[in-house]
Structures are given as structure tokens and as C-alpha cells.
Amino acid sequence: MNPAEDGAKRPVHGALVKVLVHRLDARGMTLEPYASRCVRRGEVHELLTTDHTDPAAGARVDRVGFLGFVELGCAGVLDRGDRVFAGGREIGTVLGFDACHFPNHYNVIVSAPHPVTGRDLDLKPETEIRFEQNSGP
């Protein structure tokens, strides 16, 4: 997000529809060159965590923990740097997007101290997922 270009936005929220419990060390995802993605109400996207920190287009993301699939409850814009919450608990920030499964769904890659899974966080179906604009530096 570029504060010189971006104004305020509403949070995007949804509900977890499937919990994922696995982790990989050689996933081989590639970050899209886009810092944001528009999303629609009712779409389902996959959430993953990683300890990778390079947001550059084409950066390879290998170490991941799979959180699950979220059905979005409203349309909005997801931006790199948005804060991500599961059941009210902050789990990290959006690092970027991988489109290897698009148009079926995006992989929304969440930067966290270490890759965690849905099981690690004790997530359940219907857990609320929220993406909020990061107002920090």
C-alpha cells in the first residue's frame, strides 16, 4: 500500500469453509506482480502462511503452512500489508498473491513469524477471517 496513493477502505471479511492442516518446505509458489487484488462477495480463496519476507514480483515462496479456504462475505480490495485476523486473533500481514489456481481461487499468502496451519491455530469451519488496512509504517 502506498499512503500517497491510497485512501481509507473497508475491511474485507469472510468465514472459513475448510480448514487445512499441512505444511510444505518446497511449495514453489510465485508472487504475482500486483500489490492488490479486488475480490467479490462469495468468492472462495485459499490462505497460507509463510516466513518469507520478499514481496518482489516473481519471488519464490517455498515454506508454507496452509490455513484453509475462506468464503468472502463482502467485496473489497486486498492489499499487500493488510493485517489478517482469524477469530479476532492477528495472524500476520498479506505478503502477496499466487495465481497458480486462478480463476478457481487465489492463494493469499500471509507473512508470519513462521508457517502455521489451520490445526496449529485451532481453526474451525465458520471462523471469521478479516483483512484490515494496515495504518502502520
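Located above this text is the structure these notes cover.
Residues numbered from 1 in each chain as written. Predicted model: local features only at pLDDT ≥ 70, side-chain atom pairs only at ≥ 80, totals over all residues. Heavy atoms only, no water.

Colleague: Could you give an account of the overall build of the protein chain, naming the residues involved and the relevant values?
Modeller: Across its full length, the protein chain carries zero helices and twelve strands. Ordered by position from the N terminus, the helices and strands of the protein chain form the series β-β-β-β-β-β-β-β-β-β-β-β. Taking 137 residues into account, the globule formula puts the C-alpha radius of gyration at 14 Å, and the protein chain, at 13 Å, falls close to it. In terms of overall dimensions, the protein chain has a C-alpha envelope of 40 × 30 × 30 Å along the principal axes. Seen as two clouds, the 16 positive and the 19 negative side-chain charges of the protein chain have centres 3 Å apart. (Helix = DSSP H or I, 4+ residues; strand = E, 2+ residues; numbered from the N terminus. Rg over C-alpha atoms; globule rule 2.2 N^0.38 Å. Lys, Arg positive; Asp, Glu negative; His and termini not counted. Charge placed at Lys NZ, Arg CZ, Asp CG, Glu CD.)

Colleague: Describe the side chain of Thr49, naming the residues involved and giving the relevant values.
Modeller: Summarising the element assignment, Thr49 is placed in strand E5 (residues 44-50). Here Thr49 falls in the buried class, since its relative accessible area comes to 0%. A distance of 2.7 Å separates a polar atom in the side chain of Thr49 from the backbone oxygen of Val116. If we ignore the near neighbours within four places in the chain, the residues touching Thr49 are Arg63, Val64, Gly65, Leu67, Val110, Ala112, His114, Pro115 and Val116. (Buried < 20%, exposed > 50% of the residue type's maximum accessible area, 1.4 Å probe, protein only. Polar contact = N/O pair within 3.5 Å; in protein donor to acceptor, adjacent residues only side chain to side chain. Contact = heavy atoms within 4.5 Å.)

Colleague: Just give me the short version of the state of the cysteines, but keep the residues and values in it.
Modeller: All told, the structure shown has zero disulfides when counted by the stated rule. No disulfide involves Cys74; its sulfur sits 12 Å from that of Cys38, the nearest cysteine. Judged by relative accessible area, Cys74 falls into the buried class, the value being 9%. (Disulfide = S-S within 2.5 Å.)

Colleague: Could you give an account of the environment of Phe69, naming the residues involved and the relevant values?
Modeller: Here Phe69 lies in strand E7 (residues 64-72). Residues Phe69 and Arg40, spaced 29 residues apart in sequence, show a C-alpha to C-alpha distance of 15 Å.

Colleague: Account for unusual backbone geometry, with residues named and values stated.
Modeller: Here Phe102 and Pro103 are connected by a cis peptide whose omega angle stands at 20 degrees. By the secondary structure assignment, Pro103 is in the loop between strand E10 (89-98) and strand E11 (107-111). Although it is not a glycine, Asp122 adopts a positive phi angle of roughly 55 degrees. With respect to the element layout, Asp122 can be found in the loop between E11 and strand E12 (128-132). In this structure, Glu126 takes a positive phi of about 80 degrees despite not being glycine. If you trace the backbone, Glu126 turns up in the loop between E11 and E12.

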